[in-house]
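Listed here are the chains, written in short residue letters.
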Amino acid sequence: MHHFDIVTIFPDMFPAVFNDSILKRGQEKKKIAIRIHDLRDYSQDPKRRSVDDRPFGGGPGMLLSAPPLFAAIQKIKGRRKARVIYTSPAGVPFDQKHAKRLTRHNNLIIICGRYEGIDERVKLKCVDEEISIGDYVLTGGEIPAMAIVDAVARLIPGVVGKEDSLKNESFEEDLLEGPHYTRPANFRGLKVPDVLLSGNHEAIKRWRREQAVAKTKKTRPDLLT
Ligand code: ADE
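Residues numbered from 1 in each chain as written. Predicted model: local features only at pLDDT ≥ 70, side-chain atom pairs only at ≥ 80, totals over all residues. Heavy atoms only, no water.

Further remarks concern the side chain of Asp119. Mapped onto the elements of the fold, Asp119 is located in the loop between β6 (107–112) and α5 (120–125). Judged by relative accessible area, which is 16%, Asp119 ranks as buried. Setting aside its immediate chain neighbours within four residues, Asp119 contacts Leu64, Ser65 and Ala66. (Helix = DSSP H or I, 4+ residues; strand = E, 2+ residues; numbered from the N terminus. Buried < 20%, exposed > 50% of the residue type's maximum accessible area, 1.4 Å probe, protein only. Contact = heavy atoms within 4.5 Å.)

A few words on the pairing of strand β7 (residues 129–132). Residues Glu129 and Ile131 line one face of β7 and the alternating positions Glu130 and Ser132 line the opposite face, and both faces are buried. In the sheet, strand β5 (residues 83–93) pairs with β7 via 5 bridges, with the strands oriented parallel. Within β7, the position partnered with Tyr86 by the bridge is Glu130. (Pairing = 2+ DSSP bridges.)

The subject of this paragraph is the pattern of salt bridges. When their charged atoms lie close together, side chains carrying opposite charge are able to pair. The full count for this structure, using the stated rule, is 13 salt bridges. Asp45 is paired through a salt bridge with Arg48; the nearest N and O atoms lie 3.4 Å apart. Where salt bridges share partners, they join Asp38, Asp41 and Arg49 into one cluster. (Salt bridge = Lys/Arg side-chain N within 4 Å of Asp/Glu carboxyl O.)

On the surface, a cluster of nonpolar side chains totalling about 280 Å² of accessible area is made up of Tyr136, Leu138 and Ile143. For Leu138, a relative accessible area of 34% gives the class partly exposed. (Patch = residues over 30% accessible without salt bridge, like charges linked within 9 Å, V, L, I, M, F, W, Y side chains within 5 Å. Areas by Shrake-Rupley, 256 points an atom, 1.4 Å probe, with all protein chains shown as cover.)

Near the ligand, the surroundings consist of Thr87, Ser88, Pro89, Ile131, Ser132, Ile133, Gly134, Tyr136, Val137, Leu138, Gly140 and Pro144. Here Gly134 contributes a backbone N or O atom positioned 3.1 Å from a nitrogen atom of the ligand. The backbone of Tyr136 places a nitrogen or oxygen atom 2.8 Å from a nitrogen atom of the ligand. Protein contact buries 96% of the 260 Å² of open area that the ligand shows by itself. (Near = heavy atom within 4 Å. Polar contact = N/O pair within 3.5 Å; in protein donor to acceptor, adjacent residues only side chain to side chain.)

Strands sit in the order β2-β1-β6-β5-β7 across an open sheet of 5 strands; the sheet is parallel. Edge positions in the sheet fall to β2 (32–38) and β7, since each of these pairs with one other strand and no more. The average undirected angle you get between the axes of adjacent strands in this sheet is 30 degrees. Along the sheet, helix α3 (residues 66–77) contacts β1 (2–8), β2, β5 and β6; its crossing angle with β6, the most-contacted strand, is approximately 160 degrees. (Axes fitted to C-alpha atoms, helices over the stretch in contact; angles between N-to-C directions.)

Let's shift gears to the nonpolar core. The biggest cluster of nonpolar side chains holds 27 residues, and the ones touching the most others in it are Phe4, Ile6, Phe18, Ile32, Phe94, Leu102 and Val152. Mapped onto this core, the elements with two or more residues apiece are β1, β2, α4 (96–102), β6 and α6 (142–153). With 7 residues, α6 is the largest single contributor of residues to this core. Setting aside anything within four residues of it in sequence, one finds Ile6 in contact with Phe14, Phe18, Ile34, Arg35, Ile36, His37, Ile110, Cys112, Ala145 and Val149. (Core = buried A, V, L, I, M, F, W, Y, C linked by side-chain atoms within 4.5 Å.)

What follows concerns the domain arrangement of the protein. The domain architecture assigned to the protein consists of domain 1 (2–153) and domain 2 (169–224). Computed over C-alpha atoms, the centres of domain 1 and domain 2 are 37 Å apart. (Domains from an automatic or database assignment.)

Attention now moves to the packing of aromatic side chains. One pair of aromatic rings is described through two measures. These are the centre distance and the angle between the planes. Within this structure, the stated rule accounts for 1 aromatic pair. Both rings, one in Phe14 and one in Phe18, keep their centres 5.7 Å apart while their planes meet at 25 degrees; by these two values the pair is stacked. When its relative accessible area of 3% is taken as the criterion, Phe18 is described as buried. (Phe/Tyr/Trp six-rings, centres within 6.5 Å; stacked < 30°, edge-to-face > 60°.)

A volume near 500 Å³ is recorded for the largest pocket. Contributing to the lining of the largest pocket are 19 residues, with Asn168, Lys205, Arg208, Arg209 and Ala212 lying nearest its centre. Across the lining of the largest pocket, the residue classes break down as 6 nonpolar, 4 polar and 9 charged. (1 Å grid on protein atoms, 1.4 Å probe; cavity = no way out; pocket = protein on both sides within 12 Å on 5 of 7 lines; lining within 4 Å. Points joined across faces, edges and corners; volume = space filled by probe spheres on them. Nonpolar A, V, L, I, M, F, W, Y, C, P; charged D, E, K, R; others polar.)

Structure (structure tokens):
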């Protein structure tokens, strides 16, 4: 079983994404376990439940402070070994290879960034990797945490029903997927390419590969270099 533990100040954002569809099934089949932890439960000030503070040296915004994050990570880890991820736009760019690599860890803890970030000492002592999901800035690390869990979990054997469907998808062999068609064969005069109706599996395979290369050349030429 693969465990995903998420530390956030917005725990209510997660159920809609994790408790439906493939990730829901993965949990029911005991292939994955996802737990959401409210950082405020680890506040040093139980009355106000505050977890943030002003940055030393001045400047705008607030930071998630070290004590609640240290406490949360220590509690979640217990005696188990876990890989700790922090989401931030300043992290290493996330991609399919990175997702595959993360499947090697049975315990992932994801700290969702907020405000201007977190106290550097958390990164120094607790965080194994800082990950960005793309070159744009979101309001927090919750959506990135959902994206990372989704991308990693679906690669764990038994989570996606048909293992074969993972083989021909985008980024396998650094190629994007080409076009797909379903019935009707003729829709408002737009016809499905003849080769797909030919029953010639070799020809279909060749055509799909050509289409994938053409699509990659057009939208992501960087993948071909
Ligand atoms: N937090 C805000 N923007 C982010 C991004 N692009 N990736 C990861 N975490 C973030």
